[in-house]
Amino acid sequence: MSELSFTPDEMMAIAASRALTNTDVCFVGIGPPSAACNIARLTHAPDITLIYESGTIGTAPDVLPLSIGDGELCDTALTTVPVTEMFRYWLQGGKITVGFLGAAQIDRFANINTTVIGEYDNPAVRLPGGGGAPEIASSSQQIYITMKQSKRGFVEKLDFLTSFGHGEGGDHRARLGIPTNGPTLLITDLAIWRPDPVTKEMTVVSLHAGTTKERVQQTVSWDVRFSDDLQETPVPTEEELSVLRALKARTAAAHAGKRLETA
Amino acid sequence: MSELSFTPDEMMAIAASRALTNTDVCFVGIGPPSAACNIARLTHAPDITLIYESGTIGTAPDVLPLSIGDGELCDTALTTVPVTEMFRYWLQGGKITVGFLGAAQIDRFANINTTVIGEYDNPAVRLPGGGGAPEIASSSQQIYITMKQSKRGFVEKLDFLTSFGHGEGGDHRARLGIPTNGPTLLITDLAIWRPDPVTKEMTVVSLHAGTTKERVQQTVSWDVRFSDDLQETPVPTEEELSVLRALKARTAAAHAGKRLETA
Amino acid sequence: MAEFLSLNDAVKTYLKSGDTAAFEGFTHLIPHAAAHEVIRQGIDELTVVRMTPDLIYDQLVGMGLVKRMIFSYAGNPGVGLLRRVRDAIENGWPRSLEIEEHSHAALANAYEAGAAGLPCAVFRGYLGTDLPKVNSNIKNITCPFSGEQLAAVPSIKPDVTFIHALRADRKGNVLLEGIVGVQKEAVLAAKHAIVTVEEVVGELDTPINACILPHWTVSAICTVPGGAHPSYTQGYYARDNKTYIDWDPIAADREAFQSWMHDHVLTQGPEVFAERVKGLEVAL
Amino acid sequence: MAEFLSLNDAVKTYLKSGDTAAFEGFTHLIPHAAAHEVIRQGIDELTVVRMTPDLIYDQLVGMGLVKRMIFSYAGNPGVGLLRRVRDAIENGWPRSLEIEEHSHAALANAYEAGAAGLPCAVFRGYLGTDLPKVNSNIKNITCPFSGEQLAAVPSIKPDVTFIHALRADRKGNVLLEGIVGVQKEAVLAAKHAIVTVEEVVGELDTPINACILPHWTVSAICTVPGGAHPSYTQGYYARDNKTYIDWDPIAADREAFQSWMHDHVLTQGPEVFAERVKGLEVAL
């Protein structure tokens, strides 16, 4: 297998997985976050705690769930608690070290829109809405975001602010009385971004192999800041790729049709 | 067994048990309330739901618990919930039809003191305090009180108001925004009392066999009101007495020393 | 007091046009059979509440039975958007839809407050977001000790809550197990609760701290095997993920939707659900 | 992250003079062995919190280690009063005792709010009672929707919470079962939690919705068989009601109390608890 025989999606999931550690307690969303968290669990962070908002604590799914409440999550969990308890004790209670979010729109301060495209009262596209995200964003100790880059998604101004990132930058979180760190990491199909320590503007700190600054800028509506110490993201290892692909294959098979589970 | 071969305590427990029905959901306190509720369950109200504040719902103890959280209660319960849930969903949520309370002091409007004798900051006797009673008194649909009569207990003015009955009488509960009925029944070793429909002053409606109005008045610090239609409480039946005595005997044996439980 | 009724009779007895209804189930135990019965009976002008209004609210809204929807995530989880809900919000088809939008934390707390008999829920939420600008039922309350501003939302107290559960015993005590969601809260907060179950058994025979709804908290119990399909019932059958994926193109087209509803809901009864979970049974 | 420590080391590591400590257990699972270790180590000037401060708080107070007690029911359940607590409040012996008195509903809500990371708890309580007159930590808050006045109390966030549990697995995940009280809340609300357990096992092997504290919510786990005696541990041994009854005359007399504490606590170690539950074992 040649060094670059992987897709941008695979790079994104694998780069995100590397940011997680054995002692993290992750509030996992569906889609790319779920893949990233489970690759981490299946590679370098076997003791990571994965929590899904359906109430499952310490899950270890064999296939990726389609929803946040597939039976697989409950069957493999340390325990499963009511949803009210999940949001009160575990999220609001400050037990989550990393909350993972995706987005339809994101701005330069990592504020997120998952509510509407267009006007709220007369939307061009009505998106699903916030779900758990508004309080995941404020109560998790830090937030990791994964999404693919595009001008439609990386916008100058959000149509609606669903989940607060760094607001208008600087100490905006602190001024609102939000004690947590907010988005500390944004992982896309092209790059890794981190907030500037002072301004909190999201800054590209690492380009994925084969990507250029120009390509990054072409997919973002604002003038992108690049770190003075710009790195290249290490390519996926054989192990990372094979774990991810096996997971995806098991998942695809499981979701393709009716199956007799062996619980 | 002659008609009157029972003690005032037995009459009190049995009279209280008769007030309970198959569809009641009772929040049970320790002591006389626990005996009354379990006699009801073992005689005319087999489907009554007994709830103890330790979280046990639908208990059917074989012996009376010494505390509100003996293992017997949990072992025989339909289910056992956390104490926070008990107070939030089941009591405050309005699910309790009858809250059973005892008292150290009671006044003519069935307000209760279980906190101190004397001044709060310099008490003659420091009593245990309110425990669950303040909110049992306000959140249960109605309150039954059992206690023995004495001038020390039936006082003109409480030293401390721990649990609100009818306050200063009349519509005082409604004025405080308390939507429940409050004390609708007081059962003592001598009589049965109910609140006057308008003034809410507790009124003797039935004398236990062998008791006189004079005897009742001698054990109460205020001028007692008697109903115009004063009844005599039916004496305990053979079944009621034998059920109560068997329960007490099992309980005494169980609490006398170490025993090997057969759960 | 729980009565054992047919689903048809239970819906007819307790749900009225104009009521506020919650059909709860957090991915697991979604009461599909009950929602289909409501659609068949054409009970309309409903205010429907649900954290995650997925397929069944897409169907209720698409059939024009819903006046107002209170929700926190209107998507087909892992698949995409709810196309009938979108069509109602974006184009007013088949009728306009009022929405009251919250976060999951808010609605979970609002159900909890409903079960707890409180008028409102208090939590730390909505910080920095635009939702309070578009929802007047999001207010602030100040902690009298710390001075912190907390969020407050009205508690939810449905006229009728519908849930699906594993089983009931003959007295009507109901067992929930696995991902229990907010169903206990939704039942305890409601005036009436209608529970569909996989089966009725002699003894529940449950763990000591099991999630049980005592019979006196439930109005009606209806035996509907498979009644959660394409959602699932812990220990009985697995989630039919393929059906969720297949819903997307059906819901994308008004006529395909109407034709599907005719064939799979309007001309069917609750008994078809047992057939739908064949092949999904969980080996114990 | 749970560490497996001796009870002596756990108390020495985490509890300091002047700390706020909660020893929770609602009749069931009362952490007697842990309290006795604190008494042996003479850690003083404590603020102690507990809904039902029974024998162990009588003992902590009687030994003069407590500055302030936050509580809702100070009795020996089913037996009578707490005579050492009375002596401290009524006579200032062996030292004066500050008290902050609540109702059960208030303290249960205050633990819940602590676990939920909130500064205060909001509930319907104290209506018409005298308690708000003697406790400035009882305030009102107004529902912004209904205008109803609700009660508010500060949340409880102990420096250290002590509980006793059934068992832990080798990773340090802890199982509670039966009457679980407010222990989960007291642990999640605390900076540090010390848990004594009957045993450590390879697999917890629990029901799907069991009350489990994940290992990363606990600071130290100490194996102390019988550590709840004379309280009890579900599935291990029964409540020793006779010991509760026998406590009353011991606590009634200052010298009898001191002599008992010398013989049964100060000159003993946690290992004596295993002996104390002999004959109380529950047949499974």
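Here the structure is shown first, and the text comes after it.
Keep in mind it's a predicted model, so treat the numbers as computed, not measured.

**Q** When you look at the sheet that holds strand S8 (residues 120-123) of chain D in this model, what are you seeing that I'm missing?
**A** The strands making up a sheet are joined through hydrogen bonds of the backbone, oriented either antiparallel or parallel. Residues and elements named next belong to chain D. The strand order across the open sheet formed by three strands is S8-S10-S9, and the pairing between neighbours is antiparallel. A strand with exactly one partner marks an edge of an open sheet, and here the two such strands are S8 and strand S9 (139-142). Across the sheet, the mean angle from the axis of one strand to that of its neighbour is 40°, orientation sign disregarded. One ladder, built from four bridges, connects S9 with strand S10 (residues 149-154); its direction is antiparallel. Looking at the pairing, isoleucine 141 lines up with leucine 150 of S10. This element, helix H5 (residues 104-115), spans S8 and S10 of the sheet and lies at about 130° to S8.

**Q** Could you clarify how one ought to interpret the packing of aromatic side chains in this entry?
**A** Centre-to-centre distance and the angle between the planes together describe a pair of aromatic rings. Applying the stated criterion across every chain yields a total of 24 aromatic pairs over all chains. Between the aromatic rings of tryptophan 247 of chain C and tryptophan 260 of chain C, the centroid separation amounts to 5.1 Å while the plane-to-plane angle is 80°, which identifies the pairing as edge-to-face. Taken together, the residues span a long stretch of sequence, with tryptophan 247 of chain C in helix H8 (residues 241-252) and tryptophan 260 of chain C in helix H9 (residues 254-266) at a distance of 13 residues. Note on accessibility: tryptophan 247 of chain C and tryptophan 260 of chain C belong to one class, buried. Three or more aromatic residues joined by ring pairs make a cluster, and in this case those are Phe154, Trp193 and Trp222 of chain A.

**Q** Honestly, the side chain of histidine 102 of chain D in this entry has me stumped. Any pointers?
**A** All names here are of chain D. If you trace the backbone, histidine 102 turns up in the loop between strand S7 (98-101) and H5. Taking the relative accessible area as the measure of exposure, histidine 102 reaches 3% and is therefore buried. At 3.3 Å, the side chain of histidine 102 forms a polar contact with the side chain of asparagine 135. Beyond its immediate stretch of four places on either side in the chain, histidine 102 contacts Ile70, Phe71, Ser72, Leu107, Tyr126, Asn135, Asn137, Ile138 and Val153.

**Q** Sorry if this is basic, but what is going on with the interface of chain C and chain A here?
**A** Listed per partner, the contact involves 58 residues of chain C and 51 residues of chain A. Broken down residue by residue, the surface that chain C buries against chain A is led by Arg124, Leu127 and Ile179 of chain C, which jointly contribute 12%. Our enumeration of links across chain C and chain A arrives at two salt bridges. Across the pair arginine 126 of chain A and glutamate 101 of chain C runs a salt bridge, and its minimum N-O distance is 2.6 Å. Here chain C is connected to chain A by 18 residue pairs in polar contact (both at pLDDT 80 or more). Looking at the side of chain C that touches chain A, the elements that each hand over two or more residues are strand S6 (80-81), helix H4 (83-91), strand S7 (98-101), helix H5 (104-115), strand S8 (120-123), helix H6 (131-134) and H8 of chain C. The element that contributes the greatest number of residues to the side of chain C that touches chain A is H5 of chain C, accounting for five residues.

**Q** How should unusual backbone geometry be read in this particular structure?
**A** Peptide bonds are, in most cases, trans, and in most cases residues other than glycine have a negative phi. Along the chain, histidine 229 of chain C connects to proline 230 of chain C via a cis peptide bond; the corresponding omega equals 5°. Within the element layout of this structure, proline 230 of chain C appears in the loop between strand S15 (220-223) and H8. Positive phi values are uncommon outside glycine, yet glutamate 45 of chain D reaches one of about 55°. As for its placement among the helices and strands, glutamate 45 of chain D is situated in the loop between helix H2 (32-41) and strand S3 (46-50). Residue glutamate 45 of chain D is classed as partly exposed on the basis of its relative accessible area of 32%.

The rules behind the values
- Residues numbered from 1 in each chain as written.
- Chains lettered and ligands numbered in written order.
- Predicted model: local features only at pLDDT ≥ 70, side-chain atom pairs only at ≥ 80, totals over all residues.
- Heavy atoms only, no water.
- Pairing = 2+ DSSP bridges.
- Helix = DSSP H or I, 4+ residues; strand = E, 2+ residues; numbered from the N terminus.
- Axes fitted to C-alpha atoms, helices over the stretch in contact; angles between N-to-C directions.
- Contact = heavy atoms within 4.5 Å.
- Phe/Tyr/Trp six-rings, centres within 6.5 Å; stacked < 30°, edge-to-face > 60°.
- Buried < 20%, exposed > 50% of the residue type's maximum accessible area, 1.4 Å probe, protein only.
- Polar contact = N/O pair within 3.5 Å; in protein donor to acceptor, adjacent residues only side chain to side chain.
- Buried area = accessible area lost by both parts, 1.4 Å probe.
- Salt bridge = Lys/Arg side-chain N within 4 Å of Asp/Glu carboxyl O.

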